[in-house]
Every structure is written in C-alpha cells, then in structure tokens.
Amino acid sequence: MRRREAVRPDLEQVFRGAYPRVVAVAARVLGSRDEAEDVAQEVFLAFGHSTVPANEAVGWLCVAAAHTALNHLRTGRRRAVREEAALDGDGVAPDVADAVVTLDERRRVRAALARLPRKQAVALVLRHSGLSYAEVAEALELSPSSVGTTVRRAESALRKELNRHASSE
C-alpha cells in the first residue's frame, strides 16, 4: 500500500487568498469559468504537495494556471463540446449573429495564443489577468524591466498570428 504524501500546512490559507486570481488567469486563457475551476483544482493539488515557498505561492500558482490552461487549450480537450454547447444554448441571444461572431473571435484569439511561444503567451495572460509588472517578473523569473518588452512582443506576435490566419481563411 502506498503512503499518502503529506499536504503542506499552509495550503488552506494560500488557497483562500489566491483561488480567485488563479481562476481568473485560467479563465482568461480558456474563456470558461467551469474549465478554469478545473485547472485551478489541478494547480492547487500540485501546489499542495510542492515545496514552493509561501512567499512565492501566488506567482507560482498563476504561472502554473497559465501553463495548465494553455495545455488544455493546445490539446483541444473539451473545446469542441464547449463551443457546440454555446451555439446550442437554451436561451435565445438578443442578436445571434453577434453571439456567433464573438464566439468565433474568442476562438481565433485562443488558437493564436496557443501558437505563441510559451513564455510570451504566459506573460501576456498574466499581465492581462491583472498581475503587475513586478508580479509577472517574479512569477516568470524575468527582470522587471523586461516584462514590458516581453508583453509588447507577445501582443505583436498575437496580432501577427491573428492576421496571418485571418488572411488564410
């Protein structure tokens, strides 16, 4: 019989403080709060058995959430089901055409984000999820002065990806 690994004693405290932010980072990538909560669960399970210092927990959790969400996005797990459910929704949207266009735009952005280099994608997601430049720098082990450059390059690469794929459609 396998012995259970000990769970860190500060897990509940870190969970209570960081859960909303971790879900927000994952939701920014996935576009689904339900899936973001699944990602947060995975991330907190990993954190619970980690040796990450408590003072680095939020940054580690946010990066892990971005990476895990990008992995979900890249593998396409559940995406087709989610989009089909959104189109088949029970309620009637005020303007179905707007809803379809918005859904398609979000799908295109997520697909383009998944094609970016991992570090750029994570930096972009973390920054647009509300983390400060200092928090992004700490989480990604970058110098604070290089975060702005990394984010700008990521935004430029994202625009190029969107334009490249828009012209091929």
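Residues numbered from 1 in each chain as written. Predicted model: local features only at pLDDT ≥ 70, side-chain atom pairs only at ≥ 80, totals over all residues. Heavy atoms only, no water.

Help me out: how do you make sense of the pattern of salt bridges in this one?
Between side chains of opposite charge, a pair can form when the charged atoms approach closely. Applying the stated rule across the entire model yields six salt bridges. The closest approach of N and O atoms between Asp 10 and Arg 8, which form a salt bridge, is 2.6 Å. Relative accessible area serves as the criterion here: at 18%, Asp 10 is assigned to the buried category. Residues Glu 37 and Arg 33 are paired through a salt bridge, measuring 3.1 Å at the closest nitrogen-oxygen approach. Here Glu 37 pairs with Arg 33, and both are found in helix H2 (residues 33–48), just four residues apart, close to one helical turn. A residue is classified by how much of its surface remains accessible, and Glu 37, at 27% relative accessible area, is partly exposed. Through salt bridges with shared partners, a single ionic network connects Arg 115, Glu 161 and Arg 164. (Salt bridge = Lys/Arg side-chain N within 4 Å of Asp/Glu carboxyl O. Buried < 20%, exposed > 50% of the residue type's maximum accessible area, 1.4 Å probe, protein only. Helix = DSSP H or I, 4+ residues; strand = E, 2+ residues; numbered from the N terminus.)

Even after reading the chapter, I still don't get the packing of helix H1 (residues 11–30) against helix H6 (residues 118–128), so can you show me in this structure?
The relative placement of two packed helices comes down to the angle between their axes together with the axis-to-axis distance. For the pair H1 and H6, the least separation of the axes is 9 Å and the interaxial angle reads 120°. Here H6 runs oblique to H1, going by the angle between their axes. Handedness of the crossing formed by H1 with H6: right-handed. Contacts from Val 25, Arg 28 and Val 29 of H1 reach H6 at Val 125, Leu 126 and His 128. (Axes fitted to C-alpha atoms, helices over the stretch in contact; angles between N-to-C directions. Parallel < 35°, antiparallel > 145°, perpendicular 65-115°, else oblique. Left-handed = near helix turned anticlockwise from the far one by under 90°. Contact = heavy atoms within 4.5 Å.)

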